[in-house]
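So you can see what is in the structure, the chains are spelled out below.
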Amino acid sequence: MNKIKKGIPLIDQHDKKGFWGRFGGNFIPETLIKPVEDLTTLFEKLRRDKKFIKERDYYFKNWVGSPTPFIKLENLTNHLGGAQIWAKVVSEANGGAHKIYNATVHSLIAKRAGKKYIVGDTGAGYAGKMLSMAAKKFGLKCKIFMGAKDIKRQKPNCEAMRKNGAEIVPVYTGSQTLVDAVSECMRYWVSNCDTTHMCVGSTVGPNIFVKICGWSTSQISRELYIQIKEEFGKIPKKLKLINCVGGGSSSFGFWNEFMHYNKKQFEFIGVEAGGPKNSKKHAAPLTYGSKIGILHGAAQYVNQNSEGQIEETESISAGLDYPGVSPLHCFLKDSKRARYSAASDEEALKAYQLVTKYENLNPSLEPCHAFAEAIKIAPKLNNDTLIIVNSCGDAKKDRDILKQRLGK
Ligand SMILES: *Cc1c(COP(=O)(O)O)cnc(C)c1O
């Protein structure tokens, strides 16, 4: 059984080989050992460098738009009649989702490393769009690897990337989606790491990429901690932080600051994509007990068949459509510090309808998975319990699918 150590950031609780318990590590080709070591040395230096932190905070505040709002969903609370429901509206950040934090930090690191080029992967197009925004802001040339199938179904984000001057590299291998885009991006980095920095779009990949991303998105909980204290004068005793989980970057960032406090009253609930109700396909390796496998340089729970081949996922929300999950979450699951469940496509859609009926909030389908869980548990709890949902994306991007499924 894994044990979480008190007072040490979770991103640092790995062993010398980069493992959090049985998860993570560095399953990389020999040619990447040196670049990964260099990046590790640089990042460990920068995160202790006051000037770098100042620079990060400056851009988070003046470019990303931090802090994002923390609001009470009073009508929804009254309708459900139980726990108080609040939202951290991270979708108000520049670009409309949390991926901007990771993209910004990676671009700042690339500049410090003296790299002129930056590459990244994308599925739904959000990670790519945000990286192209950051690359433009910080004067880097940007290449985005994207599955050919995703390019076809995510046109608006592709247009945004091109407008920001990024080159989109279509990936025709495998299922032609995010899994293959990440693999292809890593392959490209192997032969171009001298001039090029690589950004991985979530808390996945070899150890150092998990760390950089988790460190970046932790801004969310740093802000929230202050906002809660301002609102209530102290941190309430009964707190449930609910977040959707794809790769796991928004959820980890949403929880991190509260994890330093080894308090049982803080409950961390991750909601994965359960897929269509009547389908066996899903994107919920933590919930449905998938086996451990190696994906994109790290050991993790991953959807696979009996031969260990990665299985195709299915979810209404492109942002959660990933067969693996961050080693940090695998570790949290094993240590029982966080609890994971899944919401189906239909439950997410229903949550969308309910939230938008009662509130002036327009959460994308990813956070609607988290709202589905909040709606399920809130009526059973008392008003002294605080449920906070990370509303990490805006539904503007889901316009077509919402129209198709809900007729509006
Ligand atoms: C990418 C994305 C996700 C899933 O990724 P995580 O790394 O789990 O956060 C969730 N919501 C939105 C809006 C996204 O863009």
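Because the structure is a prediction, the values reported are computed rather than measured.

## Details of the overall build of the chain
Okay, so step 1: When its secondary structure is counted, the chain shows 15 helices and 14 strands.
Okay, so step 2: In terms of overall dimensions, the chain is globule-like: its C-alpha atoms have a radius of gyration of 20 Å, near the 22 Å expected for 408 residues.
Okay, so step 3: In terms of principal-axis extent, the alpha carbons of the chain reach across some 60 × 45 × 45 Å.
Okay, so step 4: Counting only residues that meet the buried cut, the chain has 61% of its 408 residues in that class.
Okay, so step 5: In the chain, of all internal contacts separated by at least 6 residues, the share reaching a separation of at least 24 is 73%.
Okay, so step 6: Of the roughly 17,300 Å² that the chain leaves accessible, carbon and sulfur atoms contribute 49%.
Okay, so step 7: With 61 positive and 40 negative side-chain charges, the chain shows a spacing of 4 Å between the two charge centroids.

## Structural notes on empty space enclosed by the protein
Okay, so step 1: Considering all chains together, one arrives at three cavities of 30 Å³ or more under this definition.
Okay, so step 2: Here the largest cavity is characterised by a volume of approximately 380 Å³.
Okay, so step 3: If you go around the largest cavity, you meet 33 residues; those closest to its centre are Lys99, Gly201, Ser202, Gly247 and Gly319.
Okay, so step 4: Elements represented by at least two residues in the lining of the largest cavity include exactly strand 5 (117-122), helix 5 (126-138), helix 8 (178-192) and helix 11 (249-259).
Okay, so step 5: When its residues are assigned to classes, the lining of the largest cavity shows 14 nonpolar, 15 polar and four charged.
Okay, so step 6: When we break the lining of the largest cavity down by domain, the ones giving at least three residues each are domain 1 (27-60 + 98-214) and domain 2 (66-96 + 218-406).
Okay, so step 7: In this model, the second largest cavity occupies a volume close to 60 Å³.
Okay, so step 8: In terms of lining residues, the second largest cavity is bounded by Lys99, Asn102, Ala103, Gly120, Asp121, Ala127, Gly128, Leu131, Cys199, Val200 and Gly201.

## Some points on a positive patch on the surface
Okay, so step 1: The grouping of Lys229, Lys234, Lys237 and Lys263 at the surface amounts to a positive patch.
Okay, so step 2: Position of Lys234 among the secondary structure elements: in the loop between helix 10 (219-232) and strand 9 (238-244).
Okay, so step 3: Residue classification places Lys234 among the exposed positions, given a relative accessible area of 56%.

## What about the packing of helix 2 (residues 50-64) against helix 4 (residues 99-112)?
Okay, so step 1: At a minimum axis distance of 11 Å, the contact between helix 2 and helix 4 shows a crossing angle of 135°. Considering the angle they form, helix 2 stands oblique to helix 4. Where helix 2 crosses over helix 4, the handedness of that crossing is right-handed. Across the interface between the two elements, Lys51, Phe52, Glu55, Arg56, Tyr59, Phe60, Trp63 and Val64 from helix 2 touch Ile100, Tyr101, Thr104, Val105, Leu108, Ile109 and Arg112 from helix 4.
Okay, so step 2: Within the contact of helix 2 with helix 4, the residues separate by chemical class into ten nonpolar, one polar and four charged.

## Re helix 9 (residues 207-217)
Helical geometry: 3.6 residues make up each α-helical turn, so side chains three or four residues apart lie on a common side.
Okay, so step 1: Where burial is concerned, most of helix 9 is hidden: eleven out of the eleven residues are buried.
Okay, so step 2: Among the residues of helix 9, those classed as buried are Asn207, Ile208, Phe209, Val210, Lys211, Ile212, Cys213, Gly214, Trp215, Ser216 and Thr217.

## Quick notes on the pairing of strand 6 (residues 141-147)
Both faces of the sheet carry side chains from a regular strand, because those side chains alternate between them.
Okay, so step 1: Counting buried positions over the seven residues of strand 6 gives five, a clear majority of the element.
Okay, so step 2: Sheet topology places strand 5 next to strand 6; six bridges connect them, and they run parallel. Bridge assignment links Tyr117 to a residue of strand 6, and that residue is Lys141.
Okay, so step 3: As defined by bridge partners, strand 6 adjoins strand 7 (residues 167-171) across five bridges and the pair is classed as parallel.

## As for the domain arrangement of the chain
Okay, so step 1: For the chain, the domain assignment lists domain 1 (27-60 + 98-214) and domain 2 (66-96 + 218-406).
Okay, so step 2: Centre-to-centre, using C-alpha coordinates, domain 1 lies 23 Å away from domain 2.
Okay, so step 3: Both faces considered, domain 1 and domain 2 share a buried interface measuring about 2,600 Å² in area, 62% of it formed by carbon and sulfur atoms.
Okay, so step 4: Of all residues in domain 1, Phe27, His98 and Tyr101 bury the most surface against domain 2, accounting for 25% of the area lost on that side.
Okay, so step 5: The tally of links between domain 1 and domain 2 comes to zero salt bridges.
Okay, so step 6: Viewed at the interface, domain 2 and domain 1 are joined by 14 residue pairs in polar contact (both at pLDDT 80 or more).
Okay, so step 7: Secondary-structure elements contributing two or more residues to the side of domain 1 that touches domain 2 are helix 2, helix 4, helix 5, helix 8 and helix 9.
Okay, so step 8: Element by element, the count of residues in the side of domain 1 that touches domain 2 is highest for helix 8, at five residues.
Okay, so step 9: Split by residue class, the side of domain 1 that touches domain 2 holds 16 nonpolar, nine polar and three charged.

About the cut-offs
- Residues numbered from 1 in each chain as written.
- Predicted model: local features only at pLDDT ≥ 70, side-chain atom pairs only at ≥ 80, totals over all residues.
- Heavy atoms only, no water.
- Helix = DSSP H or I, 4+ residues; strand = E, 2+ residues; numbered from the N terminus.
- Rg over C-alpha atoms; globule rule 2.2 N^0.38 Å.
- Buried < 20%, exposed > 50% of the residue type's maximum accessible area, 1.4 Å probe, protein only.
- Contact = heavy atoms within 4.5 Å.
- Areas by Shrake-Rupley, 256 points an atom, 1.4 Å probe, with all protein chains shown as cover.
- Lys, Arg positive; Asp, Glu negative; His and termini not counted.
- Charge placed at Lys NZ, Arg CZ, Asp CG, Glu CD.
- 1 Å grid on protein atoms, 1.4 Å probe; cavity = no way out; pocket = protein on both sides within 12 Å on 5 of 7 lines; lining within 4 Å.
- Points joined across faces, edges and corners; volume = space filled by probe spheres on them.
- Nonpolar A, V, L, I, M, F, W, Y, C, P; charged D, E, K, R; others polar.
- Domains from an automatic or database assignment.
- Patch = residues over 30% accessible without salt bridge, like charges linked within 9 Å, V, L, I, M, F, W, Y side chains within 5 Å.
- Salt bridge = Lys/Arg side-chain N within 4 Å of Asp/Glu carboxyl O.
- Axes fitted to C-alpha atoms, helices over the stretch in contact; angles between N-to-C directions.
- Parallel < 35°, antiparallel > 145°, perpendicular 65-115°, else oblique.
- Left-handed = near helix turned anticlockwise from the far one by under 90°.
- Pairing = 2+ DSSP bridges.
- Buried area = accessible area lost by both parts, 1.4 Å probe.
- Polar contact = N/O pair within 3.5 Å; in protein donor to acceptor, adjacent residues only side chain to side chain.

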